[in-house]
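# Geometric and topological summary
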Amino acid sequence: MSVTVAPDIFDQQGERYEEGLGDGWETSPAFLVETDDQDKAAAALYAAAGRFMSVDQNGKELSPAEMTGDYPQYTPNYVSDVYLTELGPMIVTDTKGELSRGMAERMLLILETELRAQGITAHVTAPPADLSLDGTPIWRPPTETAVHAGADVKAPTSE
């Protein structure tokens, strides 16, 4: 089991810059996982996506107390569901087209950690720029699927 990352994953997605936020890229990154174990890779992406929302421009994973808006940190505006593409599961983020080196490195570290926790061999890369997500199925964790399936059922009350 090993997790590898394309060395140019961010260069594939945007122009590099060395000003503004500091060293980084003009992109909102996407992450594609190539593996034989699609379900475990999707679970890892799902877990990573939840954590990505709290990564600031300096590469710090903020605590819930730090996510109140009272701090000047910049975090992603959006992280997509996990798409199950023909090439492998993937997620897309929205960082307003600016990805600092700190944020990029922390996101990769989080994703690598989540993939290793699943115990699979995987390669993380950038999806092709022309990959369309129209009609692409979305992965849901088994517990979430069960909750959604029973969404029309009334919850028991204490009345």
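Quantities reported herein were computed from a predicted structural model and do not represent experimental measurements. (Residues numbered from 1 in each chain as written. Predicted model: local features only at pLDDT ≥ 70, side-chain atom pairs only at ≥ 80, totals over all residues. Heavy atoms only, no water.)

Here we take up the environment of Gln118. Among the secondary structure elements, Gln118 is positioned in the loop between helix H2 (101-117) and strand S9 (122-125). According to the relative accessible area criterion, Gln118 is partly exposed, its value standing at 26%. Along the chain, Gln118 and Lys40 lie 78 residues apart, while their C-alpha atoms are 6.0 Å from each other. (Helix = DSSP H or I, 4+ residues; strand = E, 2+ residues; numbered from the N terminus. Buried < 20%, exposed > 50% of the residue type's maximum accessible area, 1.4 Å probe, protein only.)

Let's shift gears to unusual backbone geometry. Of note, Lys96 is a non-glycine position whose phi angle comes to about 55°, a positive value. Locating Lys96 in the fold gives a position in the loop between strand S7 (88-94) and strand S8 (99-100). Residue class for Lys96 comes out exposed when judged on its relative accessible area of 60%.

A word on the environment of His123. Relative to the helices and strands, His123 is located in strand S9. A relative accessible area of 25% means that His123 is categorised as partly exposed. Counting along the chain gives 121 residues from His123 to Ser2, while the straight-line C-alpha distance between them is 8.3 Å. For His123, the contacting residues outside a window of four places in its chain are Thr4, Val5, Ala6, Leu32, Val33 and Glu34. Here the side chain of His123 touches Thr4 through a polar contact of 2.7 Å, side chain to side chain. (Contact = heavy atoms within 4.5 Å. Polar contact = N/O pair within 3.5 Å; in protein donor to acceptor, adjacent residues only side chain to side chain.)

Right, let's talk about the packing of helix H1 (residues 38-52) against H2 for a bit. At their nearest, the axes of H1 and H2 sit 8 Å apart, and the two run at 145° to each other. For the crossing formed where H1 meets H2, the hand is right-handed. Side by side, H1 and H2 meet where Ala41, Ala44, Leu45, Ala47, Ala48, Arg51 and Phe52 of the first sit next to Met107, Ile110, Leu111, Glu114 and Leu115 of the second. Residue composition of the contact of H1 with H2, by class: 10 nonpolar, no polar and two charged. (Axes fitted to C-alpha atoms, helices over the stretch in contact; angles between N-to-C directions. Left-handed = near helix turned anticlockwise from the far one by under 90°. Nonpolar A, V, L, I, M, F, W, Y, C, P; charged D, E, K, R; others polar.)

Ranked by internal contacts, the top residues of the largest apolar core, which has 33 residues, are Phe31, Phe52, Leu115 and Val124. At the level of elements, strand S4 (30-35), H1, H2 and S9 are the ones that each hand at least two residues to this core. If one sorts the elements of this core by residue count, H1 sits on top with eight residues. In this view, Leu115 contacts Val3, Val33, Ala41, Ala44, Ile120, Ala122 and Val124; residues no more than four positions away in its chain are not counted. (Core = buried A, V, L, I, M, F, W, Y, C linked by side-chain atoms within 4.5 Å.)

This part is about H2. In this model, H2 (17 residues) spans 24 Å end to end at C-alpha, consistent with the 24 Å of a helix rising 1.5 Å per residue. Along H2, the residues that are buried comprise Met103, Ala104, Met107, Leu108, Ile110, Leu111, Glu112, Glu114 and Leu115. At the C-terminal side of H2, Gly119 shows a positive phi close to 70°. (Expected span 1.5 Å × (residues − 1).)

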